[in-house]
Amino acid sequence: MYVVSASLSSFSQQILQYRTPVTVTDALEYLQDLACKTQLLALYQKVFPQEWEASEIPLDRRTFDSIYCDKEIEFLQLVNEQLFAIELWEEFETTTSREYEIPILPKTNDWWYEDLEDLEDCDQFLLSLLGFGYDLEVWEQKFGFTPERLPRANTIDLERFQYLCAGQAHPLCYLSDAISLIDKSTGCIWCDVSTEVCESLPWTYENIMFLAEQWKIANSYWDKAAALGEWIESDVAHRKAAFELWNCATE
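The structure displayed is predicted, hence computed values, not measured ones.

## Here we look at the overall build of the protein chain
Right, on to step 1. A count of helical and extended segments in the protein chain gives 11 helices and two strands.
Right, on to step 2. Along the protein chain, helices and strands appear, N-terminal first, in the series α-α-α-α-β-α-α-α-α-α-β-α-α.
Right, on to step 3. Going through the 251 residues of the protein chain one by one, you find that 38% of them count as buried.
Right, on to step 4. Of the accessible surface of the protein chain, which amounts to about 14,600 Å², a share of 52% is contributed by carbon and sulfur atoms.

Here's what the structure looks like:
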């Protein structure tokens, strides 16, 4: 019975592909859907020519209750696996509405929506350096030492700070990169996007290549921040060194 039901569902999807639009709205939606499908399949051929040639999936086959055909889903999976993460791409197997542009969403929750205590210890420390975390009265308890004073973020010479960081040993040299992740000033679209501003780009070859390159940059930032985080959390002396580096960049 399940096999029969599944077959009927698949057959009904095939029939719906060839229904004739009877209203202007239906016609426009049909043409928009067809244009997007054509664009994605053309991009599949251009971005992954070898995979396109090797694929045995027919152009119009639909085995999922989705507005996307199997060939489009195969392309989206390749993008997700080889170029950059597509948010919730697996839902394309069940969705009834198209993403007419590439969604660019933050990969983690924005820190200002989180309780400070729920963040990683390193993030708590970096936010405190920036003046968005703990007051000095609790630094001893939280970080193991208490500075005489904490310079305000707007008194830091950022160019000097970056220069000083570049001269440090691994992984303290990543301190400026980690802070730019916190305040979303990396210049990398995947790192700087926030939940407050929805970003997207049209499905074009140029945009796919741009986002793929940006994804590599983002992963470099995330790897550096992870290495610094482990180092800062492992020893109070490391936290003191990070603070002193930050303090040395005051104007």
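Having seen the model, we can carry on.
## Re the packing of helix 10 (residues 205–234) against helix 11 (residues 236–247)
Helices that pack against each other are described as a pair by the angle of their axes relative to one another and the distance between those axes.
Right, on to step 1. The interhelical angle for the contact between helix 10 and helix 11, taken along N-to-C directions, is 115°, at an axis separation of 5 Å. Along its contact with helix 10, which presents W231, I232, E233 and S234, the element helix 11 presents H238, R239, A241 and A242.
Right, on to step 2. In terms of residue class, the contact of helix 10 with helix 11 is built from four nonpolar, two polar and two charged.

## Notes on the nonpolar core
Right, on to step 1. With 34 residues, the main nonpolar core has F75, F84, W190, W203 and I208 as its most contacted residues.
Right, on to step 2. Of all the secondary structure elements, the ones that give two or more residues to this core are helix 2 (24–47), helix 4 (70–82), strand 1 (101–104), helix 9 (189–192) and helix 10.
Right, on to step 3. Setting aside anything within four residues of it in sequence, one finds W203 in contact with Q39, L40, L43, F75, L76, I86, E99, Y100, E101, I102 and I208.

## Side note on the packing of aromatic side chains
Right, on to step 1. For the coordinates displayed, the defined rule picks out 19 aromatic pairs.
Right, on to step 2. An aromatic cluster is built from F125, Y134, W139, F143, F145 and F243, whose rings are joined through pairwise contacts.
Right, on to step 3. A cation sits over an aromatic face here: K46 above Y205, 4.3 Å from the ring centre.
Right, on to step 4. One residue, K71, lies across the ring of W52, its end atom 4.7 Å from the ring centre.

## Looking at a negative patch on the surface
Right, on to step 1. A surface patch of like charges, here negative, comprises E120, D121, E230 and E233.
Right, on to step 2. Inspection of the secondary structure puts D121 in helix 5 (residues 121–130).
Right, on to step 3. For D121, a relative accessible area of 47% translates into the label partly exposed.

## Describing helix 8 (residues 175–182)
Right, on to step 1. In terms of residue burial, helix 8 counts as a mostly covered element, since eight of its eight residues are buried.
Right, on to step 2. When we look at burial in helix 8, the residues that qualify are L175, S176, D177, A178, I179, S180, L181 and I182.
Right, on to step 3. In the core, the buried residues of helix 8 are packed alongside helix 5, helix 7 (158–166), helix 9, helix 10 and helix 11.
Right, on to step 4. Trailing helix 8 by a residue or two, K184 shows a phi angle of about 55°, which is positive.

## Thoughts on the pattern of salt bridges
Right, on to step 1. Applying the stated rule across the entire model yields seven salt bridges.
Right, on to step 2. In this structure, the salt-bridge partner of K37 is D60, at a minimum N-O distance of 2.7 Å. With K37 in helix 2 and D60 in the loop between helix 3 (49–54) and helix 4, this residue pair connects regions lying 23 residues apart in the sequence.
Right, on to step 3. Judged by relative accessible area, which is 34%, D60 ranks as partly exposed.
Right, on to step 4. Members of the salt-bridge network, linked through shared partners, are D33, E72 and R98.

Cut-offs applied
Residues numbered from 1 in each chain as written. Predicted model: local features only at pLDDT ≥ 70, side-chain atom pairs only at ≥ 80, totals over all residues. Heavy atoms only, no water. Helix = DSSP H or I, 4+ residues; strand = E, 2+ residues; numbered from the N terminus. Buried < 20%, exposed > 50% of the residue type's maximum accessible area, 1.4 Å probe, protein only. Areas by Shrake-Rupley, 256 points an atom, 1.4 Å probe, with all protein chains shown as cover. Axes fitted to C-alpha atoms, helices over the stretch in contact; angles between N-to-C directions. Contact = heavy atoms within 4.5 Å. Nonpolar A, V, L, I, M, F, W, Y, C, P; charged D, E, K, R; others polar. Core = buried A, V, L, I, M, F, W, Y, C linked by side-chain atoms within 4.5 Å. Phe/Tyr/Trp six-rings, centres within 6.5 Å; stacked < 30°, edge-to-face > 60°. Lys NZ or Arg CZ within 6 Å of the ring centre and 35° of its normal. Patch = residues over 30% accessible without salt bridge, like charges linked within 9 Å, V, L, I, M, F, W, Y side chains within 5 Å. Salt bridge = Lys/Arg side-chain N within 4 Å of Asp/Glu carboxyl O. Lys, Arg positive; Asp, Glu negative; His and termini not counted. Charge placed at Lys NZ, Arg CZ, Asp CG, Glu CD.

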